[in-house]
Amino acid sequence: MKYVKFDTQSDELTNLTPSTPGQMVFAKELERELQAMGLSDISLDENGYLFATLPANTDKALPTIGFIAHMDTAPDMSGHDVKPRFVKYEGKPIVLSEEPNIVLDPAQFPEMNDYLGQEFIVTSGDTLLGADDKAGIAEILSAVEWLQEHPEVKHGNIRVGFNPDEEIGLGAHHFDVEKFGCDWAYTMDGGAVGELEYENFNAASAKITFKGLNVHPGAAKHKMLNSMRVALQFAAMLPRWETPEHTEGYEGFYHLISMQGGVEKTTLSYIIRDHDRARFESRKREIEHLCNKINAEFPDCATCEIKDQYYNMREKIEPVMNIIDIAKKAMENAGVTPKVQPIRGGTDGAQLSFKNLPCPNIFAGGMNMHGRFEYVPIPSMEKAMMTIIEICKLVAE
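Note that the coordinates shown come from a computational prediction; the quantities given were computed from them, not determined experimentally.

Regarding its fold elements, the protein chain presents nine helices and 17 strands. On the principal axes, the C-alpha backbone points of the protein chain span a range of 85 × 50 × 40 Å. Residues classed as buried in the protein chain amount to 53% of the 397 residues present. Expressed as a percentage of contacts within the protein chain between residues at least 6 apart in sequence, the contacts between residues at least 24 apart total 78%. Here the protein chain displays about 18,000 Å² of accessible surface, and carbon together with sulfur accounts for 50% of that area. Treating the 38 positive side-chain charges of the protein chain as one cloud and the 60 negative ones as another, the clouds have centres 5 Å apart.

So, in structure tokens, the structure goes:
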């Protein structure tokens with residue numbers, strides 16, 4: 001409840017790390033908390049990456065494992081002046097705000113009924129909650145506190161890491177894997193209870209710019225080239241059903257995220273996603289092919305810039321599948337049914353896995369993330385905490 005009141009929205013336009021000052025304010029508060037808990041090797045660097053160690057309580061030679069969560073919240077909705085509150089879900093709509101009428105309704109969000117009778121933390125309807133990923137931070141530190149209070153439970157060195165700017169895809173960019181010093185790690189950044197993920201999208205961005213020619217519309221015949229109309233023609237050439245609203249599971253997509261322009265110049269920005277690497281590469285080629293088709297009809301009109309963002313971590317996890325087996329068993333020991341599924345997105349863990357830190361993703365419990373209807377069932381957080389504890393136990397055993 002304290003953590004979500006820190007305003008830590010990230011911002012991809014600042015070109016800073018961390019991208020917003022509130023993240024460093026939060027990092028320094030967490031640093032003080034780690035010090036008060038008596039953890040060792042605490043370090044906070046100028047980029048807002050905070051690491052610490054819970055030392056081993058056994059002489060047995062054990063792997064060093066890590067647990068990671070991000071401090072920023074999504075730019076999609078305000079994280080300023082978050083007003084969290086507790087409410088018990090009894091199967092009826094939850095009024096978040098009387099004025100205007102903002103209601104968390106099971107008719108719209110039927111998965112709420114999976115948590116009937118449980119206590120939720122909800123928003124006031126004006127902001128997001130920030131359970132993504134402050135629930136993960138709370139779970140990690142609660143697990144550390146539990147292990148400190150139960151010295152009879154043996155464990156190796158446990159590293160915790162909190163980083164900025166995950167929501168804008170930069171969380172792993174300045175993450176010093178060597179300094180973190182783990183054999184493997186887990187991000188506590190998934191959604192519903194039981195989620196365990198080691199596959200994610202391959203991801204790229206594409207920016208297509210269309211150059212037009214503006215003349216007076218009354219004298220435009222055979223002269224004007226309206227870049228907006230050409231851009232619409234390009235957009236219509238992409239497969240209609242391969243968009244986020246028509247896909248699920250392992251299905252990839254093209255997603256138009258912004259459109260800006262006028263007669264002289266129009267820019268379309270897309271994100272490209274696919275779990276399969278070959279199909280991912282094919283999607284990028286299709287964008288380039290359609291640009292060429294536009295230029296065949298309208299010479300030198302379209303230019304295309306495609307940038308890879310991250311890749312599917314599966315190829316890095318498969319050689320060390322024992323870390324998935326440990327997480328599954330830990331969930332079962334914590335009374336949770338594991339739900340292994342692909343991430344229809346990306347996590348810091350994907351990028352970290354390609355930096356030689358295998359890092360699958362475990363549920364943190366948040367639902368409806370990135371918006372005013374975000375909530376987190378408290379028992380889901382408790383089960384995530386116990387999953388961390390059980391992982392530590394299993395590695396020691």
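A separate point is the sheet that holds strand S2 (residues 50–54). In spatial order, the strands read S1-S2-S8-S3-S9-S16-S10-S15; together these eight strands make up an open sheet with mixed pairing. In this open sheet, the two strands that pair with only one neighbour each are strand S1 (40–44) and strand S15 (339–340). Pairing of strand S9 (residues 184–190) with strand S16 (residues 361–363) involves three bridges; the strand directions are parallel. When the bridges of S16 are listed, Met188 appears paired with Ile362. Contacting S2, strand S3 (65–70), strand S8 (158–163), S9 and S16, helix H2 (residues 131–149) crosses the sheet at an angle of about 145° to S3.

What follows covers the pairing of S1. As judged from the three bridges shared by S1 and S2, these two strands associate in the antiparallel manner. Each residue of the ladder has a partner; that of Leu44, found in S2, is Leu50. The turn linking S1 back onto S2 is made up of five residues, and Gly48 within it adopts a positive phi angle of 90°.

As a further point, take the nonpolar core. If you look at the biggest cluster of nonpolar residues, it comprises 79 residues, and the most contacted ones within it are Phe67 and Phe162. In terms of residues, this core owes the most to one element, H2, which gives ten residues. Those residues in contact with Phe162 that lie beyond four places of it in its chain are Leu30, Gly48, Tyr49, Leu50, Ala69, Met71, Ile137, Ile140 and Leu141. With 20 residues, the next largest nonpolar core counts Phe210, Phe234, Phe280 and Cys291 among its residues.

Reading the values: the criteria
- Here the residue numbering is sequential within each chain, running from 1 through the sequence in written order.
- Residues qualify for local features only when their pLDDT is at least 70, as the model is predicted, and side-chain atom pairs are given and counted only at 80 or more; totals for whole chains, interfaces and linings, by contrast, use all residues.
- As a rule here, side-chain values cover all heavy atoms of the structure and leave hydrogens and water aside.
- Under the DSSP-based scheme used, a helix requires at least four consecutive residues in state H or I and a strand at least two consecutive residues in state E, with every element numbered from the N terminus.
- Only protein chains enter the accessibility calculation, which uses a 1.4 Å probe. A residue is then buried if its area is under 20% of the maximum for its type, exposed if over 50%, and partly exposed in between.
- Only heavy atoms enter the contact rule, under which two residues are in contact if any of them lie within 4.5 Å.
- Accessibility throughout is a Shrake-Rupley quantity obtained with a 1.4 Å probe, and a residue counts as covered only by protein chains that appear here.
- Only four residue types enter the charge count, namely Lys and Arg as positive and Asp and Glu as negative; His and the chain termini do not.
- Every charge is mapped onto a representative atom, which is NZ of Lys, CZ of Arg, CG of Asp or CD of Glu.
- The pairing criterion for strands is at least two bridges between them, as found by DSSP.
- Fitted lines through C-alpha atoms give the axes, limited to the stretch in contact for helices. The angle between two N-to-C directions lies from 0 to 180 degrees.
- Buried Ala, Val, Leu, Ile, Met, Phe, Trp, Tyr and Cys residues that are joined via side-chain atoms within 4.5 Å together make up what is termed a nonpolar core.

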